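Architecture at a glance
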Amino acid sequence: MRPRHSPTELFSTFLEFDCDQVQGWAVDPNLRRSMEQAIAQAAGVTDGMTDLGESYWTLYWYKIWQANATVPGASLARGHLMAYIQETCYWIAQKTASSFSNLHYSPADLFQLAIAQVDKVLKGFDAQQGFSFKSYASVTLHNLIRESLRQRQEVDICTDWALLRKLSQKRLVEALQAVGLSGEPHYLRAWNCFKMLYVPQQATNSRQLAKPEPVVWEAMTQMYRQISRQQDPQQDPQQNPAHPTSVAQMEQWLTTCAKAARAYLFPNLLSLNSPKLGYKSGELLDDLCETCLSETCQTESLLSQLISAEEMQERQQQQQQLSELLSNAIQQFDPESQELMQLYYQAGWTQQQLAEQMQLKQCTVSRRLAKLRESLLLILAKWSCLHISPSIALLAHTSSALDEWLQAYYAQPNFQPNQPYCTS
Amino acid sequence: MIPNAALFDSISLLPIEPQIQAAAWQQSRRFSTAAAQWNAYLNQLCLQTLLPYLREDAPQANVAPTAARNWEFVNGSAVVWEQQGYQQRLVLVPTETIDLDEIRISQEWVDIPRWVADYYLAAQVNPDESWVRLGGFVTHDQLKQRASLDAIDRTYCLDGVDLIPDVSLLWLSQRLGRESGQREVTRAELPELPRLSVAELDDLVQQLNGLEPSHLRLAVAFERWAALLEHDDWQQRLSSSEPKQL
């Protein structure tokens, strides 16, 4: 894969795959135009004195995305950030594919899976406290991909009846919506009766839950009728065919729920966000017409002043101070802890591998890593709130900022444990 | 097949000890219905696995006295400890779901002054693979602001993204609170519940007696049900809500 260099390229091109092989970078004309306009405008404001880099443009598009997440200009900003995050998604896909030898998904599939989660990254990033959007995206997407692989695998093992018990109501409602059944309350009601009455009868076999016995079906159907009478008493079950008359009807509803859930958890990967569709022709951003572009430009000129040179400088100084503080703290760790951190965060060892190597229980390794991370979090929290006791909400941002920093710190190409490090 | 645990090589995964699992299954059999038995089993697995973990940071953490009894009709169990002369309460909310898109917390834990907690900790329980996974936590205050009440089953539904995933922040916040002498406001204010007279209580108990325990909580208006739970000796009056002794 050829690395991208210029800001225009970084924020307007997309990876193109052909049967799992990277073909190259495809330009999105709308994004390119928008990026060129933004660069020209910025040059006007700064008199071309400074060459604005990648970190400026990330922050810039992020702030636009954040300022008007509901207007069309935001989807342009989103497009720029999607373009920017391509390599990150690609490397995560590669890493995930290579860490599991018998995975059913190709790197291209996993790339799509990562791309499909980018909105969660946008929502979760905190431009105030965050170190770098890219490291945040990397940490978050890595976790999200593993989590969705785990969920898919769990769904694979489960019988339909087990699956019905192991879904959140929110997920089921979304699954029903996806197959056009959102307006029909009897599915959800039937599912609730099922969950209340049918539970596993063995301590460790909940994923192999068999179809309920006839007596349980009877009980569920009765409960359904009773609840229906309570919840919409005006409906006469005789006249409304949507109300259950039979066990067979209940069974059909529940089977439909399970099917919808399975389909929802296993979307066709290639349909999620194929870069081959649209990036070249601009279809991805087809809601963006010329007027939208000019509206965006107005917002942008306000924003150019928003991120001033002083702000960028201040951010960099702040991040450097923090980086020094944290890297010094890591260097104060005893050698064994330093090695543990390095193997986990840099070499990507799993806790299981670490446990085997160190001849410890996996939960001991896990606790040690957690304690080390906590000690860094404490330093970070005390630094950012010198005198006041920070709120939990503020600490939550600090926590994800730390993960970003650790990711970037250990990902330096020429990592020298004794060199203080700055992410910017 | 990749072992599931390897897919989330996470600090938040806690193994369930085999003897805890066996005992939890045994003890759960004394609850009255199949659903209550399963609920008690998941709650016991969650509680017994997380208690030693909680005690690493709050050594005096203990199970609230009525925890097990409530599993007849409600999900979750309360853990309490002292901090700065103030009793901290945390409600463990186990879930068997694969996803954490939302977490549902019974209204009792949120709106009854005697039940309310400072923190709510969601945990995924996987009995087949014998682990409990910390899903994240919220304060009562955050929960009241962000969760919506589902009137049908009287649960507060909190979107998964509103959970704070890093549970160590709970302890960090406590520690910073101790050091600075300030304590974060964790609980939202609650309106007082109506006090029921003895006659009203008798009436209510008569109305509820004989119902299956899992139906109790939805059988009468929440305020009346809650007022009954606030009452000290309610459990003796409700003959059907006590799990059998083995």
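What counts and what doesn't
- Residues numbered from 1 in each chain as written.
- Chains lettered and ligands numbered in written order.
- Predicted model: local features only at pLDDT ≥ 70, side-chain atom pairs only at ≥ 80, totals over all residues.
- Helix = DSSP H or I, 4+ residues; strand = E, 2+ residues; numbered from the N terminus.
- Rg over C-alpha atoms; globule rule 2.2 N^0.38 Å.
- Contact = placed C-beta atoms within 7 Å.
- Buried ≥ 20, exposed ≤ 12 C-beta atoms within 10 Å, placed from the backbone.
- Pairing = 2+ DSSP bridges.
- pLDDT = per-residue confidence, 0-100.
- Axes fitted to C-alpha atoms, helices over the stretch in contact; angles between N-to-C directions.
- Parallel < 35°, antiparallel > 145°, perpendicular 65-115°, else oblique.
- Left-handed = near helix turned anticlockwise from the far one by under 90°.
- Nonpolar A, V, L, I, M, F, W, Y, C, P; charged D, E, K, R; others polar.
- Domains from an automatic or database assignment.
- Expected span 1.5 Å × (residues − 1).
- Core = buried A, V, L, I, M, F, W, Y, C linked by C-beta atoms within 7 Å.

1. Topic: the overall build of chain B
For chain B, the count of helices and strands is eleven helices and nine strands. In terms of overall size, chain B behaves like a compact globule, its C-alpha atoms giving a radius of gyration of 18 Å where 246 residues would be expected to give roughly 18 Å. Viewed in the frame of its principal axes, chain B has a C-alpha envelope of about 55 × 45 × 30 Å. Counting contacts in chain B only where the partners sit at least 6 residues apart, residues at least 24 apart contribute 67% of the total.

2. Considerations on the overall build of chain A
A tally of helices and strands in chain A yields 20 helices and two strands. For chain A, the residues scored as buried account for 34% of the 424 residues in total. Across chain A, the fraction of contacts at a sequence separation of at least 24, relative to all contacts at a separation of at least 6, is 71%.

3. Looking at the environment of Leu144 of chain A
Relative to the assigned elements, Leu144 of chain A resides in helix H8 (residues 133–157). You can call Leu144 of chain A partly exposed: it has 19 C-beta atoms within 10 Å.

4. Focus: the pairing of strand S6 (residues 119–126) of chain B
Residues and elements named next belong to chain B. For S6, the tally of buried residues reaches eight of eight residues, placing the bulk of the element in the interior. With burial as the criterion, each face of S6 is covered, one bearing Tyr119, Leu121, Ala123 and Val125 and the other bearing Tyr120, Ala122, Gln124 and Asn126. With six bridges connecting them, strand S4 (residues 86–95) and S6 associate as parallel partners. When the bridges of S6 are listed, Thr95 appears paired with Gln124. Looking at chain direction, S6 and strand S7 (residues 131–139) are connected through eight bridges and run antiparallel.

5. Some remarks on the confidence of the model for chain B
Across chain B, the average pLDDT comes to 88, with 91% of residues at 70 or higher. Counted against residues more than four places away or in other chains, residues 1–5 of chain B, with its pLDDT under 50, gives eleven contacts.

6. Some points on the packing of helix H19 (residues 362–384) of chain A against helix H7 (residues 168–180) of chain B
For the pair H19 of chain A and H7 of chain B, interaxial distance at closest approach is 11 Å and the crossing angle is 45°. The orientation of H19 of chain A with respect to H7 of chain B, classified from their angle, is oblique. Crossing geometry of H19 of chain A relative to H7 of chain B is assigned as right-handed. Together, Ala370, Glu374, Leu377, Leu378 and Ala381 of chain A of H19 of chain A and Ser168, Leu172 and Leu176 of chain B of H7 of chain B make up the contact between the two elements. A per-class count over the contact of H19 of chain A with H7 of chain B returns six nonpolar, one polar and one charged.

7. Details of the domain arrangement of chain A
Size of an interface, as often reported, equals the accessible area lost when the parts are brought together. Residue and element names in this part refer to chain A. Per the domain assignment, the segments of chain A are domain 1 (1–157 + 274–307), domain 2 (163–265) and domain 3 (310–424). Counting from both sides, the interface comprises four residues of domain 1 and, opposite them, four residues of domain 2. In terms of residue class, the side of domain 1 that touches domain 2 is made up of two nonpolar, one polar and one charged.

8. With respect to the interface of chain A and chain B
Each side of the interface is counted separately: chain A has 44 residues, and chain B has 35 residues. When residues of the side of chain A that touches chain B are traced back to their parent elements, those giving at least two are H8, helix H10 (169–178), helix H11 (185–197), helix H18 (351–358), H19 and helix H20 (392–410) of chain A. Its residues assigned to classes, the side of chain A that touches chain B comprises 19 nonpolar, 15 polar and ten charged.

9. Regarding H20 of chain A
For H20 of chain A, built from 19 residues, the straight-helix expectation of 27 Å at 1.5 Å per residue is met to within 8% by its first-to-last C-alpha distance of 27 Å. Of all 19 residues that make up H20 of chain A, 15 are buried, and the element is covered over most of its length.

10. Let's talk about the sheet that holds strand S8 (residues 148–150) of chain B
Residues and elements named next belong to chain B. Strand order across the open sheet formed by three strands is S5-S9-S8, with antiparallel pairing between neighbours. The sheet terminates laterally at strand S5 (102–106) and S8, the two strands that pair on one side only. On average, adjacent strands in this sheet sit at an angle of 35° to one another, irrespective of strand direction. Here five bridges tie S5 to strand S9 (residues 155–159), and the two strands are oriented antiparallel to one another. The partner of Arg104 across the bridge, within S9, is Cys157.

11. Focus: the nonpolar core
The biggest cluster of nonpolar side chains holds 112 residues, and the ones touching the most others in it are Cys257 of chain A together with Leu92, Tyr120, Leu121 and Ala123 of chain B. Ranked by residue count, the leading element in this core is helix H3 (residues 34–57) of chain B, at ten residues. Excluding residues within four positions of it along the chain, Ala123 of chain B makes contact with Cys46, Leu50, Leu92, Val93, Pro94, Val132, Arg133, Leu134 and Gly135 of chain B. Counting residues in hydrophobic clusters, the runner-up holds 43 residues, among them Phe14, Ala77, Phe133 and Ala137 of chain A.

12. Topic: the sheet that holds S6 of chain B
Residues and elements named next belong to chain B. Ordered in space as S1-S7-S6-S4-S3-S2, the six strands form an open sheet in which the pairing is mixed. Two strands close off the open sheet at either side, each with one partner strand: strand S1 (13–15) and strand S2 (62–63). Pairing analysis gives three bridges linking S1 to S7, with the strands arranged antiparallel. Bridge pairing links Leu14 to Val132 in S7. Helix-sheet contacts for H3 involve S1, S2, strand S3 (77–83), S4, S6 and S7, and the interaxial angle to S4 is about 135°.

13. Points about the domain arrangement of chain B
Residue and element names in this part refer to chain B. We note that the domain assignment places domain 1 (4–180) and domain 2 (198–241) within chain B. Taking the mean C-alpha position of each, domain 1 and domain 2 sit 25 Å from one another. Taken together, the contact between domain 1 and domain 2 spans 15 residues of the former and twelve residues of the latter. Elements represented by at least two residues in the side of domain 1 that touches domain 2 include exactly H3 and helix H5 (107–111).

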